[in-house]
Amino acid sequence: MTSRVDELLAAARARLHRVSAQEAAEAARRGALLVDTRPLQQRRDEGEIPWALVIERNHLEWRLDPTSDARIPEAVDRDVEVIVVCSEGYSSSLAAASLQDVGLHRATDLDGGFRAWRAAGLPVTTVD
């Protein structure tokens, strides 16, 4: 029997064009926002993507919605390309779908999460 959360994840992923670590790195070079939603302890344990914006999951929609009073300066409009990163690519899929729900139609996530980024040999920094 499939759990409801598995169904929710499958529905979220069905509407995303998930990107590989290499595609995420290339998108960042083009100006896409890489947004790391992992909590501090996880970033301390695993490392970080050097230029990623850190927005923990509980603030994500408010910080990236260009109509929100709590938005970050990079949230200029609904056409911003956003790639959400978590540890393994599960919660990031749900987060990216939620960003699409608030109108960020180019939101997606990193397939395999930070672990895929590190496994691809892309830049990683440590967190103090």
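Scroll up to find the structure.
Since this is a predicted model, take the numbers as computed values, not measurements.

*Asks:* Give a detailed account of the pairing of strand β3 (residues 82–85), specifying residues and quantitative values.
*Replies:* Alternating residues of β3 divide into V82 and V84 and I83 and V85, and every residue in both groups is buried. Judged from the four bridges that link them, strand β1 (residues 33–36) and β3 form a sheet pairing that is parallel. Looking at the pairing, D36 lines up with V85 of β3. Pairing of β3 with strand β4 (residues 108–109) involves two bridges; the strand directions are parallel. Paired with I83 across the bridge in β4 is T108. This β-α-β element, β3 to helix α5 (residues 91–101) to β4, shows right-handed connectivity.

*Asks:* Just give me the short version of the sheet that holds β4, but keep the residues and values in it.
*Replies:* Pairing within the open sheet is parallel, and its four strands lie in the order β2-β1-β3-β4. Both edges of this open sheet fall to β2 (53–54) and β4, since each of them pairs with a single strand only. Here β1 pairs with β2 via two bridges, running parallel. In the sheet register, V35 faces β2, and the bridge partner there is L53. Here α5 sits on the sheet and contacts β3 and β4; the angle it forms with β3, its principal contact strand, is near 150°.

Calculation rules
Residues numbered from 1 in each chain as written. Predicted model: local features only at pLDDT ≥ 70, side-chain atom pairs only at ≥ 80, totals over all residues. Heavy atoms only, no water. Buried < 20%, exposed > 50% of the residue type's maximum accessible area, 1.4 Å probe, protein only. Helix = DSSP H or I, 4+ residues; strand = E, 2+ residues; numbered from the N terminus. Pairing = 2+ DSSP bridges. Right-handed = clockwise from strand over helix to strand, strands pointing away. Contact = heavy atoms within 4.5 Å. Axes fitted to C-alpha atoms, helices over the stretch in contact; angles between N-to-C directions.

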